[in-house]
Each structure stands twice: as C-alpha cells, then as structure tokens.
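Fold and geometry: a report
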Amino acid sequence: MNSEQARPAAAPQPPLLQLNSVETSYGDSKVLFGVNLEIEAGQCVALLGRNGMGKSTTVKTIMGLQPCMQGHVKLRGSSLNRLRPHQIAHAGIGLVPEGRRVFPNLSVRENLVATARQSGRAGPAWSLGDIYALFPRLQEREHHLGCNLSGGEQQMLAIGRALMTNPELLILDEATEGLAPIVRKDIWRCIVLLKSRGLALLVIDKNLSALMRVADRHYILEKGVVVWSGASEELHANPDLVHHYIGM
Ligand SMILES: Nc1ncnc2c1ncn2[C@@H]1O[C@H](COP(=O)(O)OP(=O)(O)OP(=O)(O)O)[C@@H](O)[C@H]1O
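Residues numbered from 1 in each chain as written. Predicted model: local features only at pLDDT ≥ 70, side-chain atom pairs only at ≥ 80, totals over all residues. Heavy atoms only, no water.

Looking at an unreviewed UniProt entry, one finds the protein named Branched-chain amino acid transport system ATP-binding protein and attributed to Pusillimonas noertemannii. Listed under Sequence similarities (unreviewed entry) in UniProt, the entry text for the protein is "Belongs to the ABC transporter superfamily." (UniProt positions renumbered as here; feature names shortened; annotations may be inferred.)

Printed below as a string of structure tokens:
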C-alpha cells in the first residue's frame, strides 16, 4: 500500500451557512414553514420573492433577532439556534439591515470604530483605511455625524460597519433601496469587489438583473417556503418562473 492509499479520505466540509427546515413565527402567526438554504464559503447567494414572502424574516432568524422555532441554522456545522445576535455577529456573520440604522449621534469614524472587532479567523482583518479605500466618500465625511449623512453615505457606512466586524458572511437586506442610481451603482461595485475578495454574501434586492450578474445561486421564497433554487443561467432561461414568483 503506498502513502496515498494509506491516507484517510478527508471528511466533507459542512457548508458555511445552512438553514435546515427553519420555521419562524411572530406570536401565533407562522411566517417561515421549513426553509432550506445553503451558502458555501465565498459564494454569493440571492434571496428572491415578492413582498411579504419571508426574506427579511429569514435574515432575522439567521441573526438571532427572531427565534428559530423548528429546524436549524448552522454556521460551519455549529448550531446558531441558541445564540444571541451579538454572539452570531461574533461567530462571523455581518448584517447590513434594511433601513441602515447607523448610530446618528456618532461620527463616521466613531461608527466604524464602534463595531471593529479582532477576527479570530484566518485572513486579513478590515481596517479603517480599507473601508475608506472602498468608500472614499466616507473619509471625506469622517467627522460628520451619522444623522447628517445622505442616504447613500449612510448605506456606505452601514456596509463599512458590518465589514469592521470581519465577517465570513455578509448579509445585505435591500442595500440599494431608495438610493440615487449613481449611489446604487457604487453599492453594486462594492458587492462585486467583496465577492472577488472571497467574502460570502447573502443579498436581498429588487434589482434582479444586477443580482443575476453577481450571484452564484438564487433561492425563491414563496409564503415562507423555498420553491426554487438554481444558478443565474437557469433563472435567466426561465422567464415564467420569474414572472410567477417575483412578479417581473
Ligand atoms: N414584526 C412583525 N410582526 C408580525 N408580523 C410580521 C413582522 N414582520 C414581518 N411580519 C410579517 O411576516 C411576513 C413576512 O415578512 P418579511 O418582512 O419577512 O417579508 P419580505 O419578503 O422581507 O418582504 P418585504 O420585501 O416587504 O420586506 C409578512 O406577512 C409580514 O407582514
């Protein structure tokens, strides 16, 4: 027997993020009915579906902001179900929430420093300089308060803040919503760049054509259930599916 034959086969790696039959309720009202979803390291995944189908609730469940009543949310095979939101952030998931929510009475710099965290993970940590290189506008506005920024600047700051936690997975919930076209373009440029750096992304956005350019895989949610998943080419080739479930 040679040395190659003697070596035991490597155990398969669990996905970076795995949702297994996840059910979530608001009081008596169930909203997620067994969601299954996987994201591999470095993969960009889009979560699609019409308004009210459960996309933001899925994100809240991943982040521990809404309890997972049944099923499992796992990061690299470890359950997140009983963790608090700050522990989930510490475990490696960064969130850019719907509506941005930057600290209004802190400066740009203070907002960024407030969330900075040493990463126990491999790879270089994000620095203030890295964030300013990604969004030069934030450096120009370094000493301005969060409340005095434009919507686009607040969105850049929300992304910068999430990156300063050094996540392995970044979740963007409607990050381009309500922004001027030129700012949207800048946010998409940033998403493409983050993907090229190997960051895993879960993106919710209404711009399907931009998503089809950047996402490796799409999941369509309909009434709290994943009804379809596949690659951009498959989605592109299936306009009936898009029309039926996304309404375009
Ligand atoms: N805090 C809450 N309390 C009760 N019901 C809620 C709450 N948040 C959301 N819902 C309900 O849960 C369902 C799913 O909402 P969710 O926000 O997850 O959908 P979505 O797909 O993200 O849609 P949108 O694009 O409109 O945000 C909807 O019926 C919504 O009314």
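Things to note about unusual backbone geometry
Of note, the phi angle at Arg76 is positive, near 50 degrees, even though the residue is not glycine. In this fold, Arg76 is placed in the loop between strand 4 (70–75) and strand 5 (78–79). Its identity as a non-glycine residue notwithstanding, Asn166 has a phi of 55 degrees, on the positive side. Relative to the elements of secondary structure, Asn166 occurs in the loop between helix 7 (151–163) and strand 7 (169–173). (Helix = DSSP H or I, 4+ residues; strand = E, 2+ residues; numbered from the N terminus.)

Section: the environment of Ala231
Summarising the element assignment, Ala231 is placed in the loop between strand 10 (225–230) and helix 10 (232–236). Taking the C-alpha atoms as reference points, Ala231 and Ala46, 185 residues apart in sequence, are found 9.9 Å from one another.

Details of the sheet that holds strand 2 (residues 29–39)
One open sheet holds the four strands; their spatial order is 2-1-4-5, and the pairing between them is antiparallel. Edge positions in the open sheet fall to strand 2 and strand 5, since each of these has one partner strand only. Strand direction decides the pairing type here: strand 1 (residues 17–26) and strand 4, joined by five bridges, are antiparallel. Across the sheet, the residue bridging to Glu23 is Gln70, located in strand 4. Together, strand 1, strand 2 and strand 4 form the strand contacts of helix 2 (residues 55–62), whose direction differs from that of strand 1 by roughly 110 degrees. (Pairing = 2+ DSSP bridges. Contact = heavy atoms within 4.5 Å. Axes fitted to C-alpha atoms, helices over the stretch in contact; angles between N-to-C directions.)

Overview of the pairing of strand 3 (residues 44–48)
Taken across its five residues, strand 3 has five buried, putting it largely inside the fold. Burial of strand 3 is two-sided: the residues Cys44, Ala46 and Leu48 facing one way and the residues Val45 and Leu47 facing the other way are all buried. Alignment of strand 3 against strand 8 (residues 200–204), held across three bridges, turns out to be parallel. Of the residues in strand 8, the one forming a bridge with Val45 is Leu202. Here four bridges tie strand 3 to strand 9 (residues 217–222), and the two strands are oriented parallel to one another. Bridge pairing links Leu48 to Ile220 in strand 9. (Buried < 20%, exposed > 50% of the residue type's maximum accessible area, 1.4 Å probe, protein only.)

A look at the pairing of strand 9
Each regular strand displays side chains that alternate between the two surfaces of the sheet. Of all the six residues making up strand 9, five are buried; the element is thus mostly covered by neighbouring parts of the structure. As paired strands, strand 9 and strand 10 are joined by five bridges and run antiparallel to one another. Paired with Glu222 across the bridge in strand 10 is Val225. Linking two consecutive strands that pair antiparallel, namely strand 9 and strand 10, is a turn of two residues; a positive phi of about 50 degrees is found at Lys223 within it.

Brief notes about the packing of aromatic side chains
One pass over the structure, following the stated rule, counts zero aromatic pairs. Over the face of the ring belonging to Phe103 we find Arg161, whose NZ or CZ atom lies 4.7 Å from the ring centre. Geometry around Tyr219 places Arg217 over its ring, the cationic atom sitting 5.9 Å from the centre. (Phe/Tyr/Trp six-rings, centres within 6.5 Å; stacked < 30°, edge-to-face > 60°. Lys NZ or Arg CZ within 6 Å of the ring centre and 35° of its normal.)

Some points on the site of the ligand
Within the structure, the ligand sits among 13 residues, and Gly52, Gly54, Lys55, Ser56 and Thr57 are positioned closest to it. Between the ligand and Met53, the relevant distance is 3.1 Å, taken from an oxygen atom to a main-chain nitrogen or oxygen of the residue. Split into classes, the residues belonging to the shell around the ligand amount to three nonpolar, five polar and five charged. (Near = heavy atom within 4 Å. Polar contact = N/O pair within 3.5 Å; in protein donor to acceptor, adjacent residues only side chain to side chain. Nonpolar A, V, L, I, M, F, W, Y, C, P; charged D, E, K, R; others polar.)

Details of the sheet that holds strand 10
Across a sheet, paired strands are connected by hydrogen bonds in the backbone, their directions being either parallel or antiparallel. Spatially, 6-7-8-3-9-10 is the arrangement adopted by the six strands of the open sheet, whose pairing is mixed. Two strands bound the open sheet, and with one partner strand each, they are strand 6 (93–96) and strand 10. This sheet shows a mean twist of 20 degrees between the axes of neighbouring strands, independent of strand direction. Most of the contacts of helix 7 go to strand 6, to which it runs at about 170 degrees, and overall it touches strand 6 and strand 7. This element, helix 11 (residues 239–246), spans strand 3, strand 9 and strand 10 of the sheet and lies at about 40 degrees to strand 9.

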